[in-house]
Amino acid sequence: MDKMNQALEKMKMLVGMEVDDEHQASALEEENSSSFAFMDDFNRNCTLSTKQRLYGFAICFVSGLTCTLLSMLVFFNPIKFGFTFTLGNLLSIGSTAFLIGPKRQVTMMLDPVRIYATALYLASMIIALFCALYVHNKLLTLLAIILEFGALIWYSLSYIPFARSMVSKVMVACFDTEF
């Protein structure tokens, strides 16, 4: 049991939680920002233990990864592929909300550094689902999936310092037509 408690304390530190007192940290965090009133209420009503957070993360992440991998089986049917691939992406994003909490997840997504990447990523998921479920056009769905995949990469790179600028410079260097 002692090793399990130590492992849970290490996980708390990794995800940015206070090891000694989780409730004081969440109370201070709630006092600091009043602009997210809905998220404050949501966080206050949905308190999970560290163990529950890890289980939620694992279940959501494995489900998202499974949906994404299963989407490869229906790759030649863009409508089914678009739905399962987008569902896998949504579950994967939801898994990180279990680790760091929904309020912090939304705050990080709306950070000025990645607001455009987040907007593009969420819009591409909506467009992919719209094309797959409502329009039923395979070509539009395939284009929306390509846009979604590119937006996923750009969104993921926004969490790595200087990664987007490095990738931009490499792409310009690769496709530069001047000799």
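Residues numbered from 1 in each chain as written. Predicted model: local features only at pLDDT ≥ 70, side-chain atom pairs only at ≥ 80, totals over all residues. Heavy atoms only, no water.

Chemist: What is the right way to read the overall build of the protein chain from this model?
Modeler: The number of helices and strands found in the protein chain is nine helices and zero strands. For the protein chain, the α and β elements follow one another from N to C terminus as α-α-α-α-α-α-α-α-α. Taken over 179 residues, the protein chain has a buried fraction of 29%. Considering only residue pairs separated by 6 or more positions, the protein chain has 67% of its internal contacts joining residues 24 or more positions apart. Only carbon and sulfur atoms are counted for the fraction: they give 71% of the accessible area of the protein chain, which is about 12,100 Å². (Helix = DSSP H or I, 4+ residues; strand = E, 2+ residues; numbered from the N terminus. Buried < 20%, exposed > 50% of the residue type's maximum accessible area, 1.4 Å probe, protein only. Contact = heavy atoms within 4.5 Å. Areas by Shrake-Rupley, 256 points an atom, 1.4 Å probe, with all protein chains shown as cover.)

Chemist: Looking at this structure, how should I read the nonpolar core?
Modeler: In globular proteins that are soluble, nonpolar side chains generally tend to be buried together. By size, the foremost hydrophobic cluster in this structure holds eight residues: I93, M109, A117, Y121, M125, A151, L152 and Y155. When residues of this core are traced back to their parent elements, those giving at least two are α7 (115-135) and α8 (138-157). In this structure M109 touches R114, I115, T118, L122, Y155 and Y159, once residues within four positions along its chain are discounted. (Core = buried A, V, L, I, M, F, W, Y, C linked by side-chain atoms within 4.5 Å.)

Chemist: Please explain the pattern of salt bridges as it appears in this structure.
Modeler: Side chains bearing opposite charge may pair, as long as their charged atoms lie close to each other. Summed over all chains, the structure comprises one salt bridge. Between R114 and D111 there is a salt bridge, and its shortest N-O distance comes to 3.8 Å. Taking the relative accessible area as the measure of exposure, R114 reaches 9% and is therefore buried. (Salt bridge = Lys/Arg side-chain N within 4 Å of Asp/Glu carboxyl O.)

Chemist: Just to check I follow, could you spell out the environment of I126 for this structure?
Modeler: Within the secondary structure, I126 is located in helix α7. I126 gets classed as exposed once you look at its relative accessible area, which sits at 59%. As a C-alpha pair, I126 and T86 span 40 residues in sequence and 8.7 Å in three-dimensional space.

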